[in-house]
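Below are the chains, spelled out letter by letter.
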Amino acid sequence: MFIEKCNEGIVLKVTQEQHRALAEFYRAVEKRAFRMAEYETRSASDAIDLVQDAMEALMQKYVRKPPEQWRPLFYRILQNKIKDWQRKSFIRQRLHFTTSKDESEVQVVETQVESSVAGPEQQYAHDMSMQQLQSVLAGLSFRQRQTFLLRIWEGFDVAETARIMGCSSGSVKTHLSRAMGILREQLQEHL
C-alpha cells in the first residue's frame, strides 16, 4: 500500500482515521491517475513515481482538508508534477541523455492496471480499443489531452477542470472541443 511507502515523518503526523481515509482515496484514484501519468511520460516507472509523489504532497499539505476536497487538489498536484517531469525530460533530451524502455516496464503496467474484461475475445477487443485510444490521445496536445482526461475520464466539471489546469473555463471548453473533434475523426478511421 502507498502509505506504508511514504516518508515515515509524514505518516506519523496522520491520525488513524486520516490514514484510513487516505488509503480509501488512493485506492479510488490510483489506477486512473497512473494511466493519466503514463500517457504523458510513456513510462510506467515514471508514472508510478509521479502518482506517489502527488499523493505524498497531498498528504503533506492537505490532509487536514475535508476528504471531498482531496480529488481536485490531488489532480492539480499530479498535473504540476507531470509538467515538472516534462520540463526535466526536455532538458535531459537537450543534453542528449536518454532513457530506455525495457520489458520490466511493461510488466509493471500489467501488474498495476488490472483489466475488468472477462473472456479472451473481450480482452482482445478491449486491448485493441485501448491501444487505438492511447494512440489518438498521444497525438493530442498536452492541454487537449489534459482537458479530455480531467473532464471526460475523471468527470470534473468545467470550473473544477479550469482550477486544476490553472486556466479559464473558456480555455477548458475550447481544448475539450478540439480534443473531441480529433478523437471522433481519428477513431472513426479505425472503425
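Above this note sits the structure.
First, a word on scope: everything that follows refers to the structure included in this document. From a predicted model like this one, the values you see are computed outputs, not experimental measurements.

Let's talk about the packing of helix α3 (residues 16-41) against helix α4 (residues 44-62)
Two measures define how a pair of helices packs: the angle their axes make with one another and the distance between the axes. Viewed as axis vectors pointing N to C, α3 and α4 meet at an angle of 140 degrees, and their least axial separation amounts to 8 Å. One finds that α3 runs oblique with respect to α4. With respect to the hand of their crossing, α3 and α4 are arranged in right-handed fashion. Of the residues in α4, those touching α3 at L22, F25, Y26, A33, F34, A37, E38 and T41 are A44, D46, A47, I48, L50, V51, Q52, M55, L58 and M59. In terms of residue class, the contact of α3 with α4 is made up of 14 nonpolar, two polar and two charged.

Thoughts on the environment of T174
In this fold, T174 is placed in helix α10 (residues 169-190). What makes T174 partly exposed here is its relative accessible area of 33%. Once the C-alpha coordinates of T174 and Q144 are considered, the two residues, 30 residues apart in sequence, prove to be 8.7 Å apart.

Details of the pattern of salt bridges
Under the definition given, this model contains four salt bridges. The salt bridge involving E38 is made with R35; its shortest N-O contact spans 2.9 Å. Highlighted residues: E38 and R35, both in helix α3, separated by three residues, approximately one helical turn. According to the relative accessible area criterion, E38 is buried, its value standing at 15%. D84 is the salt-bridge partner of R87, the closest N and O atoms lying 2.9 Å from each other. A residue pair is termed a helical-turn pair when its members lie 3 or 4 positions apart in one helix, as R87 and D84 do in helix α5 (residues 70-94) at three residues.

Focus: the environment of S43
Position of S43 among the secondary structure elements: in the loop between α3 and α4. At 3.3 Å, the side chain of S43 forms a polar contact with the backbone nitrogen of D46.

A look at helix α8 (residues 142-153)
Residue pairs spaced three or four apart in an α-helix point in one direction, given the helix's 3.6 residues per turn. With twelve residues, α8 should reach 16 Å at 1.5 Å per residue; the first-to-last C-alpha distance of 15 Å fits that figure. Residues of α8 that are buried include every one of F142, Q144, R145, Q146, T147, F148, L149 and L150, and no others. One or two residues past the end of α8 sits G155, with phi positive at roughly 80 degrees.

Some words on the packing of aromatic side chains
For the structure shown, the criterion picks out five aromatic pairs. Geometrically, the ring pair formed by F25 and W70 is edge-to-face, given 5.8 Å between the ring centres and 75 degrees between the ring planes. Taken together, the positions of F25 in helix α3 and W70 in helix α5 put the pair 45 residues apart, joining distant regions of the chain. Like F25, the residue W70 is buried in the burial classification.

Procedures and definitions
- Residues numbered from 1 in each chain as written.
- Predicted model: local features only at pLDDT ≥ 70, side-chain atom pairs only at ≥ 80, totals over all residues.
- Heavy atoms only, no water.
- Axes fitted to C-alpha atoms, helices over the stretch in contact; angles between N-to-C directions.
- Helix = DSSP H or I, 4+ residues; strand = E, 2+ residues; numbered from the N terminus.
- Parallel < 35°, antiparallel > 145°, perpendicular 65-115°, else oblique.
- Left-handed = near helix turned anticlockwise from the far one by under 90°.
- Contact = heavy atoms within 4.5 Å.
- Nonpolar A, V, L, I, M, F, W, Y, C, P; charged D, E, K, R; others polar.
- Buried < 20%, exposed > 50% of the residue type's maximum accessible area, 1.4 Å probe, protein only.
- Salt bridge = Lys/Arg side-chain N within 4 Å of Asp/Glu carboxyl O.
- Polar contact = N/O pair within 3.5 Å; in protein donor to acceptor, adjacent residues only side chain to side chain.
- Expected span 1.5 Å × (residues − 1).
- Phe/Tyr/Trp six-rings, centres within 6.5 Å; stacked < 30°, edge-to-face > 60°.

Remember, this is a structural readout, not a statement about activity or role.
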